[in-house]
Amino acid sequence: MITKNVEKAINEQILREEHSSRIYLAMASWAERNGFPGAANWLYAQTEEERIHMLKLVHYLNDRGGAAVIPALEAPGAAFKSLSDVFQQVLKHEEFISASINDLYSVCIKEKDFTSANYLQWYITEQIEEESTVRSILDQIKLAGPDKGGMFMMDKEFSVMATAKRASLAQSGGANAVT
Ligand code: FEO
């Protein structure tokens, strides 16, 4: 059985993961409308990935005897200055999510819920990967520069990354993943 404090903290993370999915959905829609089909493809895949992060926590909490509560969501921002601006915001958001996972981990340790702390190791590792991927995307956007040729090549690269991300999500069980 899970303690009330851990249950509350996991529910807060469920909200953040679902909100992340919607933030990236708004970004994907912006990229699709502004001539970046590859980046849109990657961001749509990222939307799916965040939903999986949310679902894993819902299943985990319910399996441990807690109650996963599906929250109301605020609308994400929809105005972006450029593709670089989009990905700077992605990085800032992922850094915020990493900090919130760390806070959730601390609650588990304080409550002596080592099972949940152990479960969260997956999220801690995932956050290292997510931040690193976005930093490398920002480096590539910088290298591509503002000219159309560079951005065209960069956008093609995004499609390759999106295909790889979808393959990896399918391999890990996608939205059906319970653990
Ligand atoms: Fe689920 Fe990108 O953090």
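This write-up is about the structure you can find in this document. (Residues numbered from 1 in each chain as written. Predicted model: local features only at pLDDT ≥ 70, side-chain atom pairs only at ≥ 80, totals over all residues. Heavy atoms only, no water.)

Quick look at unusual backbone geometry now. In this structure, lysine 112 takes a positive phi of about 55 degrees despite not being glycine. One can find lysine 112 in the loop between α3 (83-110) and α4 (114-144). For lysine 112, a relative accessible area of 65% corresponds to the exposed category. (Helix = DSSP H or I, 4+ residues; strand = E, 2+ residues; numbered from the N terminus. Buried < 20%, exposed > 50% of the residue type's maximum accessible area, 1.4 Å probe, protein only.)

Time to look at the pattern of salt bridges. Inspection of every chain in the model, using the stated rule, returns seven salt bridges. Its salt-bridge partner being glutamate 48, residue arginine 166 comes within 3.6 Å of it at the nearest N-O pair. Here the residue arginine 166 occupies a position in helix α5 (residues 148-171), and glutamate 48 occupies one in helix α2 (residues 37-63), the gap between them amounting to 118 residues. We note a salt bridge from arginine 135 to glutamate 131, for which the minimum N-O separation is 3.0 Å. In this pair, arginine 135 and glutamate 131 both sit in helix α4, four residues apart, roughly one turn of the helix. For arginine 135, a relative accessible area of 37% gives the class partly exposed. Beyond isolated ion pairs, a larger network of salt bridges with shared partners links Glu95, Glu131 and Arg135. (Salt bridge = Lys/Arg side-chain N within 4 Å of Asp/Glu carboxyl O.)

Take α3 next. Every α-helix winds through 3.6 residues per turn, so residues three or four apart in the chain are directed the same way. For α3, which comprises 28 residues, the first-to-last C-alpha distance of 41 Å matches the rise-based estimate of 40 Å (1.5 Å per residue) to within 8%. Directly after α3, the chain includes lysine 112, whose backbone phi takes a positive value near 55 degrees. (Expected span 1.5 Å × (residues − 1).)

Another aspect to go through is the side chain of glutamate 17. Here glutamate 17 lies in helix α1 (residues 4-33). Put simply, glutamate 17 is tucked away with no salt bridge, and the nearest opposite charge, on arginine 16, sits 7.8 Å away. Setting aside residues no more than four positions away along its own chain, glutamate 17 makes contact with Glu50, His53, Met54, Leu57, Ile97, Ile101 and Tyr123. (Lys, Arg positive; Asp, Glu negative; His and termini not counted. Contact = heavy atoms within 4.5 Å.)

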